[in-house]
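Coordinate inspection notes
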Amino acid sequence: MEPIKNITTAETSNSQTEFTPLSNRRGVGGEALLSPSDITLWHDLLAASRHIVITCHRGPDGDAIGSTTALASWLRRRLPEAVIHIVAPTIFPDFLKWVPGAEDILIYEGHEDEVRPIVEAADLIILCDHGELKRMWTLGDVVRDHPTPRIMIDHHLDPEPGIADLVISHPDLSSTCEVLLRIILQLEDGLVSGVAANPLPLLTHSEAVSLYTGMMTDTGAFTYASTRPEIFELISILLRYGIDKDKIYRNVFFTYSPNRMKLMGYMLYVKLDVWKKAHTSLMTLTNAERRRFGALNGDTEGLVNLPLQILGMKLSIFLREDTEHPCIRVSLRSVDDFPCNEMAAEFFGGGGHKNAAGGEVWGTMDEAVALVKKAVQKYMTLLKSPLPSSPKGEGN
Ligand SMILES: [Mn+2]
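Residues numbered from 1 in each chain as written. Predicted model: local features only at pLDDT ≥ 70, side-chain atom pairs only at ≥ 80, totals over all residues.

1. Observations concerning helix α3 (residues 62–78)
Here α3 contains 17 residues, and its C-alpha end-to-end distance of 24 Å stays within 8% of the 24 Å for a straight helix at 1.5 Å per residue. In terms of burial, α3 is a largely internal element, 13 of the 17 residues being buried. (Helix = DSSP H or I, 4+ residues; strand = E, 2+ residues; numbered from the N terminus. Expected span 1.5 Å × (residues − 1). Buried ≥ 20, exposed ≤ 12 C-beta atoms within 10 Å, placed from the backbone.)

Structure below.
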């Protein structure tokens, strides 16, 4: 067995960031996110509100469902007089239905007549996990037209100017759930000790489950966007609330139907196109193929990640016909520095993060594939250079 290396030497030789001892920082979980004026505004906005609507982006993911359910539950405990609704623009995948509080989420699309009055009755709207009203589709128009204060809690790049009265935007953090947990810790003065100053429990078990779900899903179970030590400090706090992280993992990831498993095999065996020189792969899925495998919406979730397991692969592109609208949904996943969000914004009218982004093509599958080829061509210089040989920290 090799002798244990000096930790400091190992850190500095392989990481771009200096390791800051815990004692030098604000407290467990990292720096405070809210300024004193943010905190005042937060309290003022909430104190004046009796009907709060919490929303997220369309096609809610684990972070959207986790952050909205945790926030709703936490606010209900603090503001017992307030009526608090969660409104999602569209349905969310079945594998998130077990998240505590998800059963109470109202779906806007298809229920516009019942849900619109609830949004229009709100005296405060809190936007979670996105920074652009257009990411809520038609619900975004309702919110835009409704003159009520808004708070935004998010971690996407470039929030829409003027989207909210209080913008809490931290693109450097893993997930909206991480941002929310840090806000809660700060507001409860629990940053230093991890123990709430407020007599109410800092979090409930259910809230901890919701928050962990969002942090886990937005980092691919901590395989990306999770190199900063703070995220594990935050997880250690959540674990103290008795969450079963292994069960949460199984609830989210071990939920394949036999059809989904077969669809996955079909996609990899028949539909995977690998462009070796560009270190890029493409998979396409039509609605006819979807029907052949009896695949539901959630059954395509995560397929885009699979080709990145091929040695040397930098970018995986997945195109699928939308089941509701005449468009092709585009998913992009990358490793290292390839900017999926830039490609998504430039070619597919979308956005996202460096390593995970998406968009749409309003056209046929052939047109979408042609556009993908153009996009890959445009980014060829970045794509064809070989991968760095040794792993490095994220440096942020
Ligand atoms: Mn997110």
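We are not done yet, so read on.
2. Some thoughts on the sheet that holds strand β12 (residues 356–361)
With mixed pairing, the six strands of this open sheet are ordered in space as β7-β8-β9-β10-β12-β11. On the outer flanks of this sheet lie β7 (273–275) and β11 (351–352), each paired with one strand and no other. Two elements, strand β9 (residues 315–321) and strand β10 (residues 328–334), share seven bridges in a ladder whose sense is antiparallel. Within β10, the position partnered with leucine 319 by the bridge is valine 330. (Pairing = 2+ DSSP bridges.)

3. Description of the sheet that holds strand β5 (residues 150–154)
The strands that make up a sheet are held in pairs by hydrogen bonds between backbone atoms, and each pair lies either parallel or antiparallel. Judged by pairing direction, the sheet is parallel, and its six strands sit side by side in the order β3-β2-β1-β4-β5-β6 without closing on themselves. Edge positions in the sheet fall to β3 (106–107) and β6 (166–169), since each has one partner strand and no second. Relative to β5, strand β4 (residues 124–128) runs parallel, the two sharing four bridges. For cysteine 128, the partnering residue across the bridge sits in β5 and is isoleucine 153.

4. Focus: the pairing of β9
In terms of residue burial, β9 counts as a mostly covered element, since six of its seven residues are buried. The pairing of strand β8 (residues 280–285) with β9 spans six bridges and is parallel. Bridging from a neighbouring strand, leucine 282 pairs with isoleucine 317 of β9.

Function cannot be read off these values alone, since they describe shape.
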